[in-house]
Amino acid sequence: MPSLEEQLFPSTPGKFKIDRSSHHHAMNRQFHRCFSSTSTMFLWALFLIALTASYLSFQSFVDSGSKYFTASWGGVQWEKQVRNSAQIHRGGGMSVLVTGAAGFVGSHVSLALKKRGDGVVGIDNFNHYYDPSLKKARRSMLAEHGIFVVAGDINDGKLLAKLFDVVGFTHVMHLAAQAGVRYAMENPNSYIHSNIAGLVTLLEICKSAETQPAVVWASSSSVYGLNEKSPFSESDRTDQPASLYAATKKAGEEITHTYNHIYGLSITGLRFFTVYGPWGRPDMAYFSFTKNILQGKPITVYRGKNRVDLARDFTYIDDVVKGCLGSLDTAGRSTGSGGKKTGPAPYRIFNLGNTSPVTVPTLVSILERHLKVKAKKKVVEMPGNGDVPFTHANISSARREFGYRPTTDLQTGLKKFVKWYLAYYGHNHGKAVN
Ligand SMILES: O=C(O)[C@H]1O[C@H](OP(=O)(O)OP(=O)(O)OC[C@H]2O[C@@H](n3ccc(=O)[nH]c3=O)[C@H](O)[C@@H]2O)[C@H](O)[C@@H](O)[C@H]1O
């Protein structure tokens, strides 16, 4: 389809063919006669100029119109919603911008903050990495508690700047990210878009704010990569990532460090260890296993080299939420203003794990017990797609700094997850109905 511009002003000379065949001589003569007088030519030129001018003004109308009509944010009503949501209802409370608020950890943290009286504004791009209807359901749940989640991308600097115009956020809880270890091989650019470019856009806005917020953000246990020293301590090496996901999270740790160093932003990076629970992520193993077991479909259980089972330091969502709030409470101020540093600010990194790894086959047997259904297991050797053989957090640093103490074992946490899953989806979710 030629563009409107091409149709009006063809750029290819070949498209303006003058038919010289004898059949059309009469028409051609008329055509020439038409142009023979200079006054007619002048009129034609005027007509063309008018046409061009009206086309150009139509174009600019379309441009400004699309900006106006497609904007999903802005306006008096919208600003009011943002302001109301950010309102603090306790003495000494904070106003927090939560990115990825319609996500798993984001929705839980938003709710916990709101419940204790802090102001919360969420932002989420509702992408299709997994079923957006679950994200929308989380947003409705948050709306019932007076939390407004703005539909927008953290790469939209104008939107972020606007949010900071409307609310003087004291803290940013940055949880928006492209998650998933193995999906990085399918869609590497989405990791760069969210975890690198989006992070930088967000930090640029934070550093430019008149009163800079303190930033707490989600790194990942995956930064330990092929580290074999166990348990993993924050000071262990993190220069051997096994996936692009891990590499972008590691890059995030370095990028946030430069913003701390140059602009005085207070930074806390949290290395989450395979977080699970109600309202969780459907792409994660415990969630997809549950779905498949209930549907009577086989599940694939990866196994490491030499038939060694894979293990994860599965961490229950409520424990992680406590860690997030503890981090926000102890974050310490950013020192800069309007892009200028006035002194050093804290830069911290904490493991938020459970300190007791569980193997994947054990995870499956716990699910079987809770679901009262036997799984059809297909055990295959771990493909080289980004997985690491095990994770195990040393959490003494978070314990020391803000009393982090996980209290939920996998058995108990999965029971709560299964209860939520059955209430939300029912027993027959996704089953073919005959
Ligand atoms: O701690 C993190 O920082 C990361 O935690 C999570 O990654 P992982 O620990 O890989 O969790 P998850 O996919 O649930 O696989 C769990 C186990 O099941 C095994 N697994 C997986 C799928 C499958 O089909 N079969 C299987 O055996 C698999 O081999 C693994 O051993 C987050 O997704 C990630 O976003 C990031 O936050």
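One can find the structure itself at the top, above this paragraph.
Computed from a predicted structure; not experimentally measured.

### Brief notes about empty space enclosed by the protein
In total, this model carries one cavity of 30 Å³ or more according to the counting rule given. Approximately 60 Å³ is the volume attributed to the largest cavity. In terms of lining residues, the largest cavity is bounded by His 174, Leu 175, Ala 176, Ala 177, Asn 195, Leu 199, Trp 217, Ala 218, Thr 248 and Lys 249. Of all the secondary structure elements, the ones that give two or more residues to the lining of the largest cavity are helix H8 (188-208), strand S5 (214-220) and helix H9 (244-263). Class assignment for the residues of the lining of the largest cavity results in six nonpolar, three polar and one charged.

### A look at the site of the ligand
The local shell around the ligand holds 22 residues, among which Arg 182, Ser 220, Ser 221, Thr 300 and Asp 387 are the closest. In this structure, Thr 300 approaches the ligand through a main-chain N or O atom, which is 2.7 Å from a nitrogen atom. Protein chains bury 92% of the 700 Å² of accessible surface belonging to the ligand in isolation. Secondary structure elements with two or more residues in the shell around the ligand: helix H10 (285-295) and strand S8 (298-303). Among the elements that line the shell around the ligand, the one with the most residues is S8, at three residues. Broken down by class, the residue content of the shell around the ligand amounts to 12 nonpolar, six polar and four charged.

### Things to note about the packing of aromatic side chains
Counting across every chain of the model gives 30 aromatic pairs. A centroid spacing of 5.1 Å and a plane angle of 20° characterise the contact between Trp 420 and Tyr 424, whose relative ring orientation is stacked. Of the two residues, Trp 420 and Tyr 424 both sit in helix H14 (residues 410-425), four residues apart, roughly one turn of that helix. Ring geometry for Tyr 421 against Tyr 425: centres 4.8 Å apart, planes inclined by 45°, an arrangement best described as tilted. With a gap of four residues between them, Tyr 421 and Tyr 425 both fall in helix H14, about one helical turn apart. Since its relative accessible area comes to 1%, Tyr 421 is described here as buried. A residue is classified by how much of its surface remains accessible, and Tyr 425, at 18% relative accessible area, is buried. Members of the aromatic cluster, joined through ring pairs, are Tyr 276, Trp 279, Tyr 286, Phe 287, Phe 314, Tyr 316, Phe 417, Trp 420, Tyr 421, Tyr 424 and Tyr 425. The cationic tip of Lys 135 hangs over the ring face of Tyr 130; the distance from NZ or CZ to the ring centre is 4.6 Å.

### Quick notes on H10
Residues separated by three or four positions in an α-helix point in the same direction, a consequence of the helix having 3.6 residues per turn. Buried residues of H10: Tyr 286, Phe 287, Phe 289, Thr 290, Ile 293, Leu 294 and Gln 295, and no others. Looking at the buried positions of H10, the neighbouring elements they touch are helix H5 (104-115), strand S7 (275-276), S8, helix H12 (360-371) and H14.

### Looking at the state of the cysteines
In a disulfide, the sulfur atoms of two cysteines are held together by a covalent bond. Enumeration over the complete set of coordinates arrives at zero disulfides. Residue Cys 206 stays outside any disulfide, its sulfur separated by 16 Å from that of Cys 324, the closest cysteine.

### Considerations on the packing of H10 against H14
Packing of H10 against H14 brings their axes to within 11 Å, and their N-to-C directions diverge by 55°. Classed by the angle they form, the pair H10 and H14 counts as oblique. Our pair here, H10 against H14, has a crossing hand that is right-handed. Between H10, through Tyr 286, Phe 287, Thr 290, Lys 291 and Leu 294, and H14, the contact on the second element is made entirely by Leu 414, Phe 417, Trp 420, Tyr 421, Leu 422 and Tyr 425. Considering only residue class, the contact of H10 with H14 consists of nine nonpolar, one polar and one charged.

Conventions used here
The numbering scheme is per chain: residues are counted from 1 as the chain's sequence reads. pLDDT decides what is reported in this predicted model: residues at 70 or higher carry local features, side-chain atom pairs at 80 or more are listed and counted, and totals for whole chains, interfaces and linings draw on all residues regardless. Remark: hydrogens and water are excluded; side-chain values derive from all non-hydrogen atoms of the structure. A cavity here means a set of points on a 1 Å grid, drawn over the protein atoms and nothing else, where a 1.4 Å probe fits but cannot get out; a pocket is an open set with protein on both sides within 12 Å along at least five of seven lines, and a residue lines either one if it has an atom within 4 Å of a point. Grid points are joined across faces, edges and corners, and a volume is the space filled by probe spheres set on the points. Here a strand is any run of E in DSSP of at least two residues, a helix any run of H or I of at least four, and the numbering for each starts at the N terminus. Basically, the charged four are Asp, Glu, Lys and Arg, the nonpolar ten are Ala, Val, Leu, Ile, Met, Phe, Trp, Tyr, Cys and Pro, and anything else, Gly included, counts as polar. We call a residue near a molecule or strand when any one of its heavy atoms sits within 4 Å of it. Polar contacts, as counted here, are pairs of nitrogen or oxygen atoms within 3.5 Å of one another; within protein the pair requires one atom able to donate a hydrogen and one able to accept it, and residues that are adjacent in sequence qualify only if both atoms are side-chain atoms. Shrake-Rupley sampling with a 1.4 Å probe provides the accessible areas, and residues are treated as covered by the protein chains on show and by no other component. Stacked, edge-to-face and tilted labels apply to pairs of Phe, Tyr and Trp rings (six-membered ring for Trp) whose centres lie within 6.5 Å, assigned for plane angles under 30 degrees, over 60, and everything in between, in that order. Each residue gets one of three labels from its accessible area relative to the maximum for its type: buried under 20%, exposed over 50%, partly exposed in between, using a 1.4 Å probe on protein chains only. In this scheme, Lys NZ or Arg CZ marks a charge over a ring once it lies within 6 Å of the ring centre and within 35 degrees of the ring normal. By definition, residues are in contact when any of their heavy atoms lie within 4.5 Å. What counts as a disulfide here is a pair of cysteine sulfur atoms lying within 2.5 Å. Between the N-to-C directions of two axes lies an angle of 0 to 180 degrees, each axis being a line fitted to C-alpha atoms and, for a helix, fitted only over the stretch in contact. By the definition adopted for this analysis, an angle is roughly parallel if under 35 degrees, roughly antiparallel if over 145, roughly perpendicular if from 65 to 115, and oblique otherwise. It is the rotation of the near helix from the far one that decides the hand of a crossing: anticlockwise by less than a right angle makes it left-handed, clockwise makes it right-handed.

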